[in-house]
Structures are given as C-alpha cells and as structure tokens.
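Chain by chain, the residues:
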Amino acid sequence: MINEIFIAITSLINSIGALIVQFKSKKKNKCEEYYEKVLIPFLTEYHDNSEIDCISFFKQKIKRSDEYVPPYLFYIYDNSSGENRDYANEEMKKVLLMDYKKYYKNFSNTALITIEKIANYLCIVCSIELLALAALFMYLIIYTTTLMLGDLISLTKDNMKTLILSLAEECGITFLALLILMVLFYIVFNSITDEYSLKIKDIKKIISKKVDNYDKVSEKIHL
C-alpha cells in the first residue's frame with residue numbers, strides 16, 4: 001500500500017515537473033520574440049534619436065494580438081493620454097531600455113537568466129516534493145494510529161498515557177512540518193516575478209522596479 005502511494009506521488013511530481021518545463025519553454029520563446037521584435041528595433045531608433053516618442057513607437061510597432069509583449073507595456077500605453085503622455089513616454093523609455101539590458105545576450109545576462117531559471121525550477125520542485133513527503137508522513141501517522149487503536153481495549157492506564165503523549169508528539173511534528181511548508185510556499189511564489197502577469201498590482205510593481213533600476217544605473221551603462 002505504501003509503495004503504491006509512493007509511486008503515485010512520484011508520478012505526480014514528474015508530471016508537474018514536465019508542465020513547469022513546458023511553461024518555462026513557452027515563456028522563453030515569448031521573451032526572445034519580445035527582444036527581437038520590440039527591443040532591438042527600439043534601441044536602433046533610440047540610437048538615431050534619444051528623444052524618440054516611445055508612445056508613437058509602441059503604437060506603430062505593437063498590436064494587441066502580440067502576446068509576446070509584456071502586459072506592463074500595454075498598461076503604460078493605455079494610460080498615456082492627455083496630461084499623462086509625457087510621463088508615460090518617459091516611463092516607457094526607461095522600461096524598454098531596462099528590458100533591453102536584461103535580455104541583451106552577453107555572458108553575464110545569460111548566466112544570470114540561467115541561474116534564475118534553475119533556482120525557480122528547483123524551488124518549485126522541492127516544494128512539491130516536500131508537500132508529497134508531508135502527505136506520506138501524515139498517512140503513516142494515520143496508518144500507525146489505526147493499528148494502535150485496534151489494540152486500545154487491551155491497553156493499561158500507563159500504556160494509554162504513553163499512547164496519548166506519542167500521538168500528541170506526532171501531531172505536533174506534523175503541524176510544524178505543514179507550517180514550515182506554508183512559509184516555504186509563500187517565500188518561493190513571492191520571490192518569482194511573472195512579468196506577463198495581468199494583475200494591476202503586479203504590473204505597477206514591475207514598472208516601478210524597472211524605472212528605479214534605470215535611475216540607478218543609467219549613468220553607469222552604455223545602451
């Protein structure tokens with residue numbers, strides 16, 4: 001019975017792992033397409049004219065159906081009318097330049113992106129494995145407890161006290177393990193930035209981070 005559960009859990013982990021790899025592959029293709037179709041043409045025009053109208057560039061080059069374009073760019077564009085145009089134009093310029101820096105194919109960026117992907121993948125897989133082990137651990141507790149309760153009638157008072165203390169200890173360990181898992185999941189999934197998120201909260205956070213990065217490094221790098 002335990003072997004069957006272990007095999008089922010292993011199969012589940014492998015299936016989820018395959019889905020994660022497939023998702024990462026699609027995201028990689030999106031990023032490469034974004035770099036080649038948007039960022040390189042933008043930088044080419046930016047070199048010719050550093051005062052480029054980014055909003056007009058976006059309008060000419062991008063379609064709503066272009067899924068490789070991160071949603072935060074559409075958000076900036078959609079909020080660029082009227083008095084907000086100059087601010088949005090500057091914001092989009094900073095975001096595009098930081099994206100170009102991020103996806104530019106040099107050794108440093110390639111190494112960082114690779115490390116980030118490996119770290120994210122390992123964190124997710126480890127979290128799933130820990131959850132699976134916790135489920136197996138809980139099953140073992142229930143299984144053991146059931147066997148012990150089968151002989152409950154024959155237990156003496158002292159043995160009953162020992163049983164209760166043992167069960168309390170096992171339940172405490174299980175609760176602690178689950179609490180640690182919950183904290184781990186929270187840390188892992190909050191550390192992973194989905195740049196294709198459609199949530200306004202995430203979009204604003206991404207834009208703000210890119211703009212701040214530009215302000216910090218604009219005088220230190222040549223784009």
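Attention in this report is confined to the structure presented alongside it. (Residues numbered from 1 in each chain as written. Predicted model: local features only at pLDDT ≥ 70, side-chain atom pairs only at ≥ 80, totals over all residues. Heavy atoms only, no water.)

**Here we look at the overall build of the protein chain**
A count of helical and extended segments in the protein chain gives 7 helices and 0 strands. In the protein chain, the order of α-helices and β-strands from amino to carboxyl end is α-α-α-α-α-α-α. Every one of the 223 residues in the protein chain was classed for burial, and the buried ones make up 30%. Within the protein chain, counting contacts between residues at least 6 apart in sequence, those at least 24 apart form 74% of the total. Summed over all atoms, the accessible surface of the protein chain reaches about 15100 Å², with 62% contributed by carbon and sulfur. (Helix = DSSP H or I, 4+ residues; strand = E, 2+ residues; numbered from the N terminus. Buried < 20%, exposed > 50% of the residue type's maximum accessible area, 1.4 Å probe, protein only. Contact = heavy atoms within 4.5 Å. Areas by Shrake-Rupley, 256 points an atom, 1.4 Å probe, with all protein chains shown as cover.)

**Examining helix α2 (residues 54-61)**
Turning to α2, its buried residues are Cys54, Ile55, Phe57 and Phe58. Down the axis, α2 shows its buried residues gathered within 160° of arc, on one side only. Every exposed residue of α2 that faces more than 90 degrees away from the buried side is listed here: Lys59 and Gln60. Near the N-terminus of α2, the side chain that reaches the backbone nitrogen of isoleucine 55, with its oxygen 3.1 Å away, is that of aspartate 53. (Arc of directions from axis to C-beta. Polar contact = N/O pair within 3.5 Å; in protein donor to acceptor, adjacent residues only side chain to side chain.)

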